[in-house]
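# Summary of the model geometry
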Amino acid sequence: MVDLPSKTWCAFPWMQIVTHNNGTYGPCCRALEYVAAANDDASDGMNTLVGDMFEDEEQPIEPYGLTIEEAYASPFMQNIRDQMMKGEKPTACRFCWEQERIDLNGKGRRHGSNDLYLGTHPAFKGIFDKDPTDLIANSMVRSLDLKFTNKCNLTCLMCSSG
């Protein structure tokens, strides 16, 4: 197995972007923060804003207002990757940190995903031989998680409801 650059490293922010059914984007389906395109009512004048999935009521967003590339290359996503390279725990990932804290083995979905992707995905071969700054800013979307509705059809492979 490949040695990770830090104890907080996770493959998801380096390979995928999730589009939520409200028009926001995140690093994985369990992330508790999102990035979105700000609409004209945004008070800070920025073209993107970061919010909390369950605490923000009426954010001034433009649903699906970012391209996949813009969302993936956003300061929000780059900051998550930078924090992971430094061994810090991004707040967007607090669901996984909590799961790992209460898991008896100290491992959760993040560890399994790292083992899977780093062990089997050719795009990750030699990934840590690259310059960390370049890796953070110029990583590439390899997986896209699209959510078009929040209606459950009980056949999702992620939650195994069906």
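Note: the structure precedes this text.
This report concerns the structure included in the present document. (Residues numbered from 1 in each chain as written. Predicted model: local features only at pLDDT ≥ 70, side-chain atom pairs only at ≥ 80, totals over all residues. Heavy atoms only, no water.)

## A closer look at the overall build of the chain
Along its length, the chain carries six helices and six strands. Start at the N end of the chain and walk to the C end: the helices and strands fall as α-β-β-β-β-β-α-α-α-α-α-β. For the chain, the proportion of its 162 residues judged to be buried stands at 38%. Here the chain displays about 9700 Å² of accessible surface, and carbon together with sulfur accounts for 51% of that area. (Helix = DSSP H or I, 4+ residues; strand = E, 2+ residues; numbered from the N terminus. Buried < 20%, exposed > 50% of the residue type's maximum accessible area, 1.4 Å probe, protein only. Areas by Shrake-Rupley, 256 points an atom, 1.4 Å probe, with all protein chains shown as cover.)

## So, the packing of aromatic side chains
According to the stated counting rule, one finds one aromatic pair in the structure shown. The interplanar angle of 25° and the centroid separation of 5.8 Å between the aromatic rings of Trp-9 and Trp-14 together place this pair among those described as stacked. (Phe/Tyr/Trp six-rings, centres within 6.5 Å; stacked < 30°, edge-to-face > 60°.)

## Observations concerning the pattern of salt bridges
Enumeration according to the criterion identifies five salt bridges in this entry. Here Glu-33 makes a salt bridge to Arg-94, at a shortest N to O gap of 3.4 Å. Here Glu-33, found in strand β3 (residues 33–38), pairs with Arg-94, found in helix α4 (residues 94–102); they are 61 residues apart in sequence, far enough to count as distant. For Glu-33, a relative accessible area of 15% gives the class buried. Among the residues examined, Arg-94 registers a relative accessible area of 30% and is labelled partly exposed. We note a salt bridge from Arg-110 to Glu-100, for which the minimum N-O separation is 2.7 Å. With a gap of 10 residues between them, Arg-110 in helix α5 (residues 109–120) and Glu-100 in helix α4 connect regions that are remote in the sequence. For the pair Arg-110 and Glu-100, one class covers both residues: buried. (Salt bridge = Lys/Arg side-chain N within 4 Å of Asp/Glu carboxyl O.)

## Some remarks on a nonpolar patch on the surface
There is a patch of nonpolar side chains on the surface, built from Leu-144, Leu-146 and Phe-148 and spanning about 330 Å² of accessible area. Residue placement: Phe-148 occurs in the segment after β6 (143–146). (Patch = residues over 30% accessible without salt bridge, like charges linked within 9 Å, V, L, I, M, F, W, Y side chains within 5 Å.)

## As for the side chain of Asn-114
Its place among the elements puts Asn-114 in helix α5. Sequence-distant contacts of Asn-114, defined by excluding residues within four places in its chain, comprise Leu-4, Trp-9, Cys-10, Ala-11 and Gly-119. (Contact = heavy atoms within 4.5 Å.)

## Topic: unusual backbone geometry
Trans peptide bonds make up the majority, and among non-glycine residues the majority have a negative phi. A positive phi angle, near 55°, is found at Tyr-64, a position not held by glycine. For Tyr-64, a relative accessible area of 41% puts it in the partly exposed group.

## Thoughts on α5
Spanning 12 residues, α5 covers 16 Å between terminal C-alpha atoms, matching the ideal 16 Å at 1.5 Å per step. Here α5 has its buried residues at Arg-110, Ser-113, Asn-114, Tyr-117 and Leu-118. Seen from one end, α5 has its buried residues packed into an arc of 110°, which puts them on one side. Residues of α5 that are exposed and angled more than 90 degrees away from the buried face: Gly-119 and Thr-120. Buried residues along α5 sit against α1 (12–15) and α4. (Expected span 1.5 Å × (residues − 1). Arc of directions from axis to C-beta.)

## Looking at empty space enclosed by the protein
Counted by the stated rule, this structure contains one cavity of 30 Å³ or more. Lining the largest cavity are 13 residues; nearest its centre among them are Cys-10, Cys-28, Met-84, Cys-93 and Cys-96. Taken together, the elements giving at least two residues each to the lining of the largest cavity come down to α1 and α4. Taken together, the residues that form the lining of the largest cavity break down as 11 nonpolar, no polar and two charged. (1 Å grid on protein atoms, 1.4 Å probe; cavity = no way out; pocket = protein on both sides within 12 Å on 5 of 7 lines; lining within 4 Å. Points joined across faces, edges and corners; volume = space filled by probe spheres on them. Nonpolar A, V, L, I, M, F, W, Y, C, P; charged D, E, K, R; others polar.)

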